[in-house]
Amino acid sequence: MEQRTYDSYEEFWPYYVAMHSRAATRWVHLTGTLTGLAVSVYGLARGRKRYAAALPLIGYGAAWPAHFLIEKNNPATFGHPLWSLRGDVQMIRTMLAGRDRELAETAAKWLAENPCTRSSATAASDGGCCPRP
């Protein structure tokens, strides 16, 4: 799959959400991030600075396999690390506000407009609509 480029975070955001089109992926992200945050805060409150590493380790340790196993795509972090971090925060805030359906709708709209971008696995199984890398 080719690496897409974006001129702004606002342009990147729908793509980011589309790479998390399945609710299970979004919930794994939320669970990993909040667990990592809780462990980090707990450790830091106890004066153990090394616990700060729990946030990225647990957060990404849960999220990345979800991309490979559930979404069948590569994490957006690989190509857009800072915007992906911002996207994680925005996605989790949206979910905690009870607006997960809004994320699903954003993902579905972006994927409908960009049918060949979901993943190389989808491209191979979609009847050949997408050129192979």
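Keep in mind the model is a prediction, meaning the values are calculated, not measured.

**Student:** Could you clarify how one ought to interpret the nonpolar core in this entry?
**Tutor:** Most often, soluble globular proteins keep nonpolar side chains buried together rather than apart. In this structure, Phe-12, Trp-13, Tyr-15 and Trp-110 are the most contacted members of the largest nonpolar core, which totals 18 residues. Those elements that place two or more of their residues in this core are helix H1 (9–18), helix H4 (81–96) and helix H5 (100–113). It is H1 that contributes the most residues to this core, 7 residues altogether.

**Student:** I tried to follow the environment of His-80 on my own but got confused; where do I start?
**Tutor:** With respect to the helices and strands, the residue His-80 is situated in the loop between helix H3 (54–71) and H4. His-80 gets classed as buried once you look at its relative accessible area, which sits at 12%. C-alpha separation for the pair His-80 and Thr-5, spaced 75 residues apart in sequence, amounts to 8.9 Å.

**Student:** Looking at this structure, how should I read the UniProt feature "transmembrane region" (unreviewed entry) in the protein?
**Tutor:** Those places that UniProt annotates as "transmembrane region" (unreviewed entry) correspond, in this numbering, to residues 27–45. A distance of 27 Å separates the end C-alpha atoms of residues 27–45, which is 100% helix and 0% strand.

**Student:** Even after reading the chapter, I still don't get the environment of Met-95, so can you show me in this structure?
**Tutor:** By secondary structure assignment, the location of Met-95 is in helix H4. The class for Met-95 is buried, based on a relative accessible area of 5%. C-alpha of Met-95 to C-alpha of Trp-27: the two residues are 68 residues apart in sequence and 8.6 Å apart in space. Ignoring any residue separated from it by four or fewer positions in sequence, one finds Met-95 in contact with Arg-26, Trp-27, Leu-30, Asp-100 and Leu-103.

Reading the values: rules and limits
Residues numbered from 1 in each chain as written. Predicted model: local features only at pLDDT ≥ 70, side-chain atom pairs only at ≥ 80, totals over all residues. Heavy atoms only, no water. Core = buried A, V, L, I, M, F, W, Y, C linked by side-chain atoms within 4.5 Å. Buried < 20%, exposed > 50% of the residue type's maximum accessible area, 1.4 Å probe, protein only. Helix = DSSP H or I, 4+ residues; strand = E, 2+ residues; numbered from the N terminus. UniProt positions renumbered as here; feature names shortened; annotations may be inferred. Contact = heavy atoms within 4.5 Å.

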